Amino acid sequence: MADQHAHSGGDKRPTEVPALRWEEPPEGPVLVLLDQTRLPAEEVELVCTDAPALVEAIRSLAVRGAPLLGIAGAYGVALAAVRGYDVDGAAAELRSARPTAVNLAVGVHRAHSAHQAVLARTGDPRQAAGAALAAARQLHREDAEASVRMAEHGLALLEELLPGGGHRILTHCNTGSLVSGGEGTAFAVALAAHRAGRLRRLWVDETRPLLQGARLTAYEAARSGMAYTLLTDNAAGSLFAAGEVDAVLVGADRIAADGSVANKVGSYPLAVLARYHHVPFVVVAPVTTVDLRTPDGASIEVEQRPGHEVTEVTAPQAPMAGTEAGGGIPVAPLGTQAYNPAFDVTPPELVTAIVTEEGAVSPVTTEALAELCARSRQVTIS
């Protein structure tokens, strides 16, 4: 089950709002999430006491973003183990909560494998639960460290591609500390440029239909003191035509073996615009997002979201006459059918570079990605 505890805007949260944390109150361990569906108007914590509550939080996008989903999935397995629930069932349910984001399956697998190994060796459920929790905490630490290295590699790439600074960066969806154990992926690179005095402007796509850019990226940019401007997704073309974009930085939910990138829907059109206008299109993601078992973009399962996300506008903090808080305000005739893929796929030939914690890959090829993943495994093992 899950409980919600609201916090007023006047509380003393740090600038880097923790998107997820493990706590152990007297009544038993819990996973505490910052409910991202309620931002930016209010910060509300969602307390999950079992895997089904976490699955619902994942599906509702209360917790989201590829790296953070991996961390959440690992903690979800640990939560089931520590509380004595069906670990195998919890792992299966968590793994299938969102099909496109490969990090979720990776995180679940790591904690589940750790649990199974210790249980098989010792037969002690408590030791096995401890192993699952340790695996989740280790993944959490690794992601925070990866975020730092991605920012460093990404900033170095920007300096190489765009010498002189004054970068005007366009980003899509949300890729900051709300999706990571650290400061994020693509947003972390922009933040590093800001801190180095190299960022002139962060252009923030609103990211329809759920406005992760408007609600979340603008929220993080404002809290970080960055110069940013929000635009509707379909205004990006005019921005490119005016020569106001120096680079596009986006994250990824799955990168296939050939370098095809699945990311929030709307990313592919930006890649096409960037190629036409000779602007670098850079993907920033941890190595865990690279899935060598998925051969190409056509093999990536793209999650289809409910149609009401398109036919209605949800304003949970601003209930209007005739609606309840959290209800949708219709913007299309009753019965309208909606096409609502959560992601689109950008082919590798449109990607200038993929930046990971192990460095940048450019040009993006099957061989280069395989070498990167092999190098990452060697570093992890050593």
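Let me begin by describing the structure that accompanies this report. Keep in mind that this is a model prediction, so the values were computed, not measured.

Criteria and cut-off values
- Residues numbered from 1 in each chain as written.
- Predicted model: local features only at pLDDT ≥ 70, side-chain atom pairs only at ≥ 80, totals over all residues.
- Heavy atoms only, no water.
- Salt bridge = Lys/Arg side-chain N within 4 Å of Asp/Glu carboxyl O.
- Helix = DSSP H or I, 4+ residues; strand = E, 2+ residues; numbered from the N terminus.
- Buried < 20%, exposed > 50% of the residue type's maximum accessible area, 1.4 Å probe, protein only.

Our focus in this paragraph is the pattern of salt bridges. Counted by the stated rule, this structure contains 16 salt bridges. Here R137 makes a salt bridge to E24, at a shortest N to O gap of 3.9 Å. Of this pair, R137 sits in helix α5 (residues 125-161) while E24 sits in the loop between β2 (20-23) and β3 (30-34), placing them 113 residues apart in sequence. Overall, R137 belongs to the partly exposed group, its relative accessible area being 35%. Judged by relative accessible area, which is 52%, E24 ranks as exposed. Notably, a salt bridge pairs R254 with D291, separated by 2.5 Å at the nearest N-O pair. Of the two residues, R254 sits in strand β9 (residues 254-256) while D291 sits in strand β12 (residues 290-291), which places them 37 residues apart along the sequence. Overlapping salt bridges bring together R98, E303, R305 and E309 as one network.

For the rest of this paragraph, the subject is unusual backbone geometry. Cis geometry marks the peptide bond from R208 to P209, where omega comes out at 5°. The residue after S362, namely P363, is reached through a cis peptide bond having omega 0°. Considering the arrangement of structural elements, one finds P363 in the loop between β17 (359-361) and α11 (366-381). The backbone of H278 sits at a positive phi, close to 60°, despite the residue not being glycine. Secondary-structure assignment places H278 in the loop between α9 (267-276) and β11 (281-284).

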